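Spelled out from the first residue to the last, the chains are:
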Amino acid sequence: MIENKKDDIAYGRMVIHMATGLFAVFFMQVYPLKKENLELLLHISAGTYIFFIEILRLCGNHYWKDIENPEDHPWYGWYKLHNWCVKWSLHIGILREKELEDVSSGSWYILGLYVTYFLFITWIALIAMLSLAFGDPMARLFGIGFKGVKRSWLMGKTIIGAYGFFMTALFVVLMTIILDIWFPFYPSSIGLAGLLLVVGIGVFIGMLSEIYGGAVDNLAIPVFAGKAMQLYYLYV
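Conventions and cut-offs
- Residues numbered from 1 in each chain as written.
- Predicted model: local features only at pLDDT ≥ 70, side-chain atom pairs only at ≥ 80, totals over all residues.
- Heavy atoms only, no water.
- Helix = DSSP H or I, 4+ residues; strand = E, 2+ residues; numbered from the N terminus.
- Buried < 20%, exposed > 50% of the residue type's maximum accessible area, 1.4 Å probe, protein only.
- Contact = heavy atoms within 4.5 Å.
- Core = buried A, V, L, I, M, F, W, Y, C linked by side-chain atoms within 4.5 Å.

What follows deals with the environment of Phe-26. The residue Phe-26 is located in helix 1 (residues 11–30) in this model. The class for Phe-26 is partly exposed, based on a relative accessible area of 39%. For the pair Phe-26 and Ile-201, spaced 175 residues apart in sequence, the C-alpha to C-alpha distance is 24 Å. Apart from residues lying up to four places away in sequence, Phe-26 is in contact with Tyr-31 and Pro-32.

Let us now look at the nonpolar core. With 41 residues, the main nonpolar core has Met-28, Trp-123, Leu-126, Tyr-186 and Val-199 as its most contacted residues. Looking at this core, the elements with two or more residues in it are helix 1, helix 2 (35–64), helix 4 (105–119), helix 5 (122–145), helix 6 (159–179), helix 7 (191–212) and helix 8 (217–235). In terms of residue count, helix 5 provides more of this core than any other element does, 12 residues in total. Those residues in contact with Met-28 that lie beyond four places of it in its chain are Leu-38, Tyr-117, Thr-122, Ala-125, Leu-126, Met-129 and Phe-185. Core analysis: the second largest hydrophobic core is formed by 8 residues, Ala-46, Ile-53, Leu-95 and Leu-100 among them.

So yeah, pure geometry; function would need other evidence.
Structure below.
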């Protein structure tokens, strides 16, 4: 057993997580974009984040740390842009202080969404994305909010956090199945019982990936959840 310490719930990051899930539902199911337009949106989003939040920040940290008077430097404009990006990212919750000198978890999140979309058929990708977008932040909220006891066999995570992940992700995906009445999206050939079983498998594997995925859980959750659903759908 690991003693629980006071943690930061990071509400700003939670909102961003869940907002991307809502965007995914809207642009993939409710008002589906053409494939090429959705891919372009993913390329732009991923590229913008990686350049401004990761590359600019990490290169800037390395370059400016030994310069005493940056205002006298000919590249002072870069310095100001670098500082603004870092402060803005900390303010809205994209970055944490401990991530300033390393690759942020947000990069793994963007990569997870990006890879998942291209690896799996659309409806499986959406379920995997929603498991990440809603399950992951709610696992943290449940674990900290309900003062769950961290367990060593759960890699320092809590049982209540795992429960929060599973139930929230399951609820959100079930809402998209109800939406299917008005916005047909899921394959009718699988049937409702088969679809619910696939969803349950995906959410459960996503939950395990959140627990045991470590620093790259934002990549592991959608990829492993999507792969488990794909294998069941294609071969069982």
